[in-house]
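Coordinate analysis (summary)
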Amino acid sequence: MDRPNFDLSEKERMGLIRLLLANLGQYYNGTDKLKVSRQANREEVRSLVLSNDFENPLDFKHSLSNVLKGLTEYGLHTPHPRYFGLFNPRTSFASILADVVTAVFNPQLAMWSHAPYAVELEYQLVQQFGRKFGYSQDVGGTFCTGGAEANLTAMVMALNHAFPDYGKSGIQGIKQPPLLYCSRETHHSILKAARVCGLGSNAIVPIDTDDRYRIDLELLKSRLESDIASGMAPFMIIGTAGTTGYGAIDDLEGLSAIAGKFGIWFHVDAAFGGALKFSAKQEKYLRGMNNGDSITFDLHKWLSVPMGASLFLTSRPELQGRTFSARTEYMPKDSKIAHGSFPDPYVNSIQWSRRFIGLKIYMALSFHGWKALEEQVDHHLELAEHLRERLLATGWIIKNHTVLPIVLFSHSYFDEDGAFARQLCDEIVHSGTFWISVYPVQGVNALRACITNYASSKEDVEALVKLMNIYVEKYMGNRPAKKSVGQQGSI
Ligand SMILES: *Cc1c(COP(=O)(O)O)cnc(C)c1O
């Protein structure tokens, strides 16, 4: 049998690359010309997917064209500057190049000996990000696919910390019921992690929040005391720096003090909000972040690199090996390198085969430096501030208190009317001009706009407010007059 020619011929490759570059270039340059989203018809999408028939393959160009068409026509364009949505960024060109390079070289980062340059590069990035976040000296950690994996990593480490026999006996070996504490607003990846660890959702103690959606420290303390008194085993406290819906940042200093007092692992989920560290003016909101044991920080959110790229950082690198070590006969033995012991990534993390994730942020930093990250974060903060100002100036109310670029708002005329927010949001999303969402504040839906794109501008923000005001006038015409409650709640 002939061996398959997966390389294709040089001529075929060049033809495909030209087609690809033309299409990708058009998309990357002209994202703002597209509708942000458009409703997809399942039947149409299905038939496009199945038109690449594996029994009778199409010619290469045709196959590729179908894929490009599918992604262009049937998808929410998160790289669009008028996507004011969940934390999905437009990706920087440097980090796109990194993903291409990685796919071609396909380095295996499980072991230092297989990919010394790539493993060293990630190690140095872990050190540099760890220090940026305030850890001293010996920083531990690993690149992850996303915040969900980083949070899971933290939970397994916390279990190993609190219950030294956990690696061998697992949950069964723990005599007192293990509990972890976080706010009601904590990301649901924590719930999944608790399930994956065999703890179940009952092991999570959700603590109520204050009027700014931050975990209530007094409630946490009294709950810890009563749980310990009744024989439970608290093993982890999770603080969130930037809740997804509201943008709340827990009092990390207060939480770390409580964790320290009770001797419990303190994890900071800073998947989105961690980037505030790059704002000289606003990094103060992350005070206390470095007092804890571990941090989750997503690069594929505010730092504009392609998914999936996240960092798990820990101030307790010695625990990583104990938590994840494993040896098999087929892996090269003892790859401790000459200059000090260098732990192989596969015995220090959940993953085994490992993609070169770190290159995405390394290339972006190599091209633009830390300075560009600072500029990007400040740009987003300024745009959000501009959005708040424009909203307040035209009869809207700001419903959340946060420094993060997440703005929850409702119109004074329709305040307390959650159905209005839903209807307005649907109209705007269906129009394809913008993408926004809704999130409930005190049980009533508010509109939610989050700045996630370095290419978004003041004009984009102003255009959103203008369009919403056109809709509001239309609704006002259709509804009985309601007393205005005025402006409130600005930060
Ligand atoms: C996005 C997010 C997560 C989950 O991270 P993924 O990268 O989506 O896996 C966890 N926590 C917070 C606070 C987040 O914003």
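Calculation notes
- In every chain, residue numbers begin from 1 and rise along the written sequence.
- The predicted nature of this model means local features are confined to residues of pLDDT at least 70 and side-chain atom pairs, given and counted, to a pLDDT of 80 or more, with totals for whole chains, interfaces and linings taken over all residues.
- Based on all heavy atoms of the structure, the side-chain values leave hydrogens and waters out of the count.
- Counting from the N terminus, the helices are the DSSP runs of H or I reaching at least four residues and the strands are the DSSP runs of E reaching at least two.
- Only C-alpha atoms enter the radius of gyration, while the globule expectation follows 2.2 Å times N to the 0.38, with N the number of residues.
- Only heavy atoms enter the contact rule, under which two residues are in contact if any of them lie within 4.5 Å.
- Using a 1.4 Å probe, the Shrake-Rupley method yields the accessible areas, and only the shown protein chains count as cover for residues.
- Neither His nor the chain ends is counted toward charge; the positive residues are Lys and Arg and the negative residues Asp and Glu.
- By convention, the charge on Lys lies at NZ, on Arg at CZ, on Asp at CG and on Glu at CD.
- For two strands to count as paired, DSSP must find a minimum of two bridges between them.
- Here, axes are lines fitted to C-alpha atoms. For helices the fit covers the stretch in contact, and angles between N-to-C directions go from 0 to 180 degrees.
- Exposure categories follow from relative accessible area, calculated using a 1.4 Å probe and restricted to protein chains: below 20% of the type maximum is buried, above 50% is exposed, and the middle band is partly exposed.
- UniProt positions are given in the numbering used here, feature names are shortened, and annotations may be inferred rather than shown by experiment.
- A helix is expected to reach a length of 1.5 Å times the quantity of its residues less one.
- Directions pointing from the helix axis toward each C-beta atom define the arc.
- Exposure above 30% relative accessible area and the lack of any salt bridge qualify a residue for a patch; like charges then connect within 9 Å, and the nonpolar side chains Val, Leu, Ile, Met, Phe, Trp and Tyr within 5 Å.
- Just to be clear on terms, a salt bridge is a Lys or Arg side-chain nitrogen sitting within 4 Å of an Asp or Glu carboxyl oxygen.
- Neighbouring residues are identified by heavy atoms, a residue being near a molecule or strand if any of them is within 4 Å of it.
- We define a polar contact as two N or O atoms separated by no more than 3.5 Å, with the added condition that, inside protein, one atom must be a possible hydrogen donor and the other a possible acceptor, whereas residues neighbouring each other in sequence contribute only through side-chain atom pairs.
- Values of pLDDT, which run from 0 to 100, indicate the predictor's confidence residue by residue.

This part is about the overall build of the protein chain. When you go through the protein chain residue by residue, the secondary structure sums to 14 helices and eleven strands. Its C-alpha atoms give the protein chain a radius of gyration of 25 Å, within 12% of the compact-globule value 23 Å for 491 residues. Principal axes of the C-alpha set define a box for the protein chain whose edges measure 75 × 70 × 45 Å. Of the contacts made within the protein chain by residues no fewer than 6 positions apart, 74% connect residues no fewer than 24 positions apart. Entry remark: accessible area of the protein chain is about 23,500 Å², with carbon and sulfur atoms responsible for 55%. Each charge class in the protein chain was averaged separately, 50 positive and 51 negative side chains, and the resulting centres sit 1 Å apart.

The pairing of strands in a sheet comes from backbone hydrogen bonds and takes either a parallel or an antiparallel form. If you trace the four strands from one edge of the open sheet to the other, you get E8-E9-E11-E10, paired in antiparallel fashion. Whereas interior strands pair on both sides, the edge strands pair on one side only; in this sheet they are strand E8 (396-398) and strand E10 (437-441). Ignoring strand direction, the axes of neighbouring strands in this sheet form an average angle of 45°. Relative to strand E11 (residues 444-450), strand E9 (residues 406-411) runs antiparallel, the two sharing four bridges. Directly across from Phe409, in E11, lies its bridge partner Leu447. Docked against the sheet, helix H12 (residues 358-393) engages E8, E9 and E11, running at close to 10° with respect to E9.

Another point: the pairing of strand E1 (residues 140-144). Most of E1 sits inside the fold, with four of its five residues counted as buried. Pairing of E1 with strand E7 (residues 310-314) involves five bridges; the strand directions are antiparallel. Among the inter-strand pairings, Phe143 is bridged to a residue of E7, identified as Leu311.

It is worth spelling out the UniProt feature "modified residue: N6-(pyridoxal phosphate)lysine" (unreviewed entry) in the protein chain at this point. In the numbering used here, UniProt assigns the "modified residue: N6-(pyridoxal phosphate)lysine" (unreviewed entry) feature to Lys301. Locating Lys301 in the fold gives a position in the loop between strand E6 (294-298) and E7. Those residues in contact with Lys301 that sit more than four places away from it in its chain are Phe87, Pro89, Ala271 and Phe272.

Look at helix H1 (residues 10-30): 29 Å from first C-alpha to last across 21 residues, which is about the 30 Å you get at 1.5 Å a residue. Within H1 the residues assigned to the buried category are Gly15, Leu16 and Gly30. Down the axis, H1 shows its buried residues gathered within 110° of arc, on one side only. In this structure, H1 carries Leu21 and Asn29 as exposed residues pointing more than 90 degrees from its buried face. Looking at the buried positions of H1, the neighbouring elements they touch are helix H3 (60-73).

On to a nonpolar patch on the surface. A cluster of nonpolar side chains, Val100, Val101, Val104 and Phe105, forms an exposed patch at the surface whose accessible area comes to about 420 Å². Relative to the helices and strands, Phe105 is located in helix H4 (residues 93-105). Since its relative accessible area comes to 68%, Phe105 is described here as exposed.

Lining the immediate environment of the ligand, one finds 14 residues, of which Gly147, Asp269, Asp298, His300 and Lys301 sit closest. Within the side chain of His300, a nitrogen or oxygen atom sits 2.7 Å from an oxygen atom of the ligand. Between the ligand and the protein, one listed contact pairs an oxygen atom with a side-chain N or O atom of Lys301 at 2.9 Å. About the coverage of the ligand: the protein hides 85% of its 380 Å² of free accessible area.

Turning our eyes to something else, we now look at the confidence of the model for the protein chain. Confidence in the prediction for the protein chain averages 93 pLDDT; 94% of positions are at 70 or higher. Low pLDDT (under 50) marks residues 484-491, which in the prediction has 21 contacts with non-local residues, meaning those over four places away or in another chain.

This paragraph deals with the sheet that holds strand E3 (residues 204-207). Overall, mixed pairing links the seven strands, which are arranged E1-E7-E6-E5-E4-E2-E3 in an open sheet. Each edge of the open sheet is held by one strand with a lone partner, namely E1 and E3. For this sheet the average axis-to-axis angle between neighbouring strands, irrespective of direction, equals 20°. Here strand E4 (residues 233-240) pairs with strand E5 (residues 265-269) via five bridges, running parallel. Each residue of the ladder has a partner; that of Met236, found in E5, is Trp265. Here helix H11 (residues 317-324) sits on the sheet and contacts E1, E5 and E7; the angle it forms with E1, its principal contact strand, is near 60°.

In this fold, Thr31 is placed in the loop between H1 and helix H2 (42-50). Residue Thr31 is classed as buried on the basis of its relative accessible area of 2%. Between the C-alpha atoms of Thr31 and Arg354, which are 323 residues apart in sequence, the distance is 32 Å. Thr31 has contacts with Gln26, Pro79, His80 and Arg90, leaving out every residue within four places of it along the chain. Here the side chain of Thr31 touches Tyr27 through a polar contact of 2.6 Å, landing on its backbone oxygen.

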